[in-house]
Amino acid sequence: MIISEWLKHARDRLTQTNCPDPDIDARWIAEDALGMTRQALVFEGDRAISRHQLYRLEAMLDRRAAGEPVQYILGSADFMGLRFRVDGAVLIPRQDTETLVEAALIELRQRPGSPALLDLCAGSGCVGLSLASLAPHARITLADISPEALEVAHANQKDLGVKAELRQGDLFNAVGRERFDIIASNPPYIPTGALSGLQREVRFEPRIALDGGPDGLDFYRRIAEGAADHLNPGGAIFLEVGIHEARPVLDLVKAHLPCAEAGTVRDLNGIERVVFGKMK
Ligand code: GLN
């Protein structure tokens, strides 16, 4: 079989198994399994595939056809122009979350010296480690309850060669009485009852990273309650939120923090994706 034939066969199989992006996923798999660039796949499309390569390609295709996200199959995902390792212990970084990173980055850059930022529910580390890479003047701490997730974050920290402290614990328990200038978090925020209706791919992701309790707001309540005790004077908080959650989360932030300014930031789809509060 030649490369172009395999790509067609993979596209057809992924289309039949209801994968949302058959063409893109077939190419991702081929690039990885054959060690070729996307351009090379096109220009060398009539090159023969070895038996060994075909075995690898088909094993990856089987996993994708069964619904597993392509990022878990490849073991990596791109976020903020950086490559992060991912496995089933962590949520796959979403483009939506770049809105959170950008908002926190603007805030970090306005602060002189060496501002301290805490990334709560860090998962793969995509938020905190992107910030560590983009704002090297900042002191970044990542916290997560899951030791398995922290292992992934630690591997990503080493790959990216950035400075960051990693802590294990349930929300603020991970950092004792320490205070920060900025808190950024993408906590679990899907209402429990909505989990079973999610796309097949999302069901491969850790439930602990998605389940936000009966109304999806459990973690925002706990974060808003604890924030005042973990922010320095003039501190700020940035929270990613799910659909229809911006208003209630904004109310929670305002109720628990004496904000000089509070509001929301929209993502590229125009959805209110980040809630922020900045203290006096
Ligand atoms: N954005 C993710 C999704 O819609 C959820 C992430 C989260 O719960 N923090 O699948």
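Residues numbered from 1 in each chain as written. Predicted model: local features only at pLDDT ≥ 70, side-chain atom pairs only at ≥ 80, totals over all residues. Heavy atoms only, no water.

Student: Could you clarify how one ought to interpret the side chain of E205 in this entry?
Tutor: Position of E205 among the secondary structure elements: in the loop between β6 (180-185) and α9 (218-227). Of the polar contacts made by the side chain of E205, one reaches the backbone nitrogen of I92; its length is 2.8 Å. Excluding anything up to four places from it in sequence, E205 contacts Y72, L91, I92, R94 and L210. (Helix = DSSP H or I, 4+ residues; strand = E, 2+ residues; numbered from the N terminus. Polar contact = N/O pair within 3.5 Å; in protein donor to acceptor, adjacent residues only side chain to side chain. Contact = heavy atoms within 4.5 Å.)

Student: Teacher, can you tell me more about the pattern of salt bridges here?
Tutor: Summed over all chains, the structure comprises 25 salt bridges. As a salt-bridge pair, D23 and R11 come within 3.4 Å of each other at their nearest N and O atoms. Of the two residues, D23 sits in helix α2 (residues 22-34) while R11 sits in helix α1 (residues 3-16), which places them 12 residues apart along the sequence. By relative accessible area, which is 29% here, D23 ends up partly exposed. Between R56 and D32 there is a salt bridge, and its shortest N-O distance comes to 3.7 Å. In this pair, R56 sits in helix α4 (residues 51-65) while D32 sits in helix α2, placing the two residues 24 residues apart along the sequence. Taking relative accessible area as the criterion, R56 reaches 35% and is therefore assigned partly exposed. In this structure D32 comes out as partly exposed when scored by relative accessible area, which is 34%. (Salt bridge = Lys/Arg side-chain N within 4 Å of Asp/Glu carboxyl O. Buried < 20%, exposed > 50% of the residue type's maximum accessible area, 1.4 Å probe, protein only.)

Student: What should I look at first to understand helix α7 (residues 126-134) in this one?
Tutor: Every α-helical turn comprises 3.6 residues, leaving residues that sit three or four positions apart pointing alike. Within α7, 7 of the 9 residues are buried, which leaves the element mostly enclosed by the surrounding structure. Turning to α7, its buried residues are C126, V127, G128, L129, S130, L131 and A132.

Student: I would appreciate a short explanation of the packing of aromatic side chains in the present structure.
Tutor: Remark: the centre distance and the inter-plane angle together describe each pair of aromatic rings, the angle taken between the planes. As enumerated under the stated definition, the model contains 2 aromatic pairs in all. R38 extends its terminal NZ or CZ atom over the ring of W28, reaching a point 5.1 Å from the ring centre. The ring centre of F276 lies 5.3 Å from the NZ or CZ of K278, which sits over that ring. (Phe/Tyr/Trp six-rings, centres within 6.5 Å; stacked < 30°, edge-to-face > 60°. Lys NZ or Arg CZ within 6 Å of the ring centre and 35° of its normal.)

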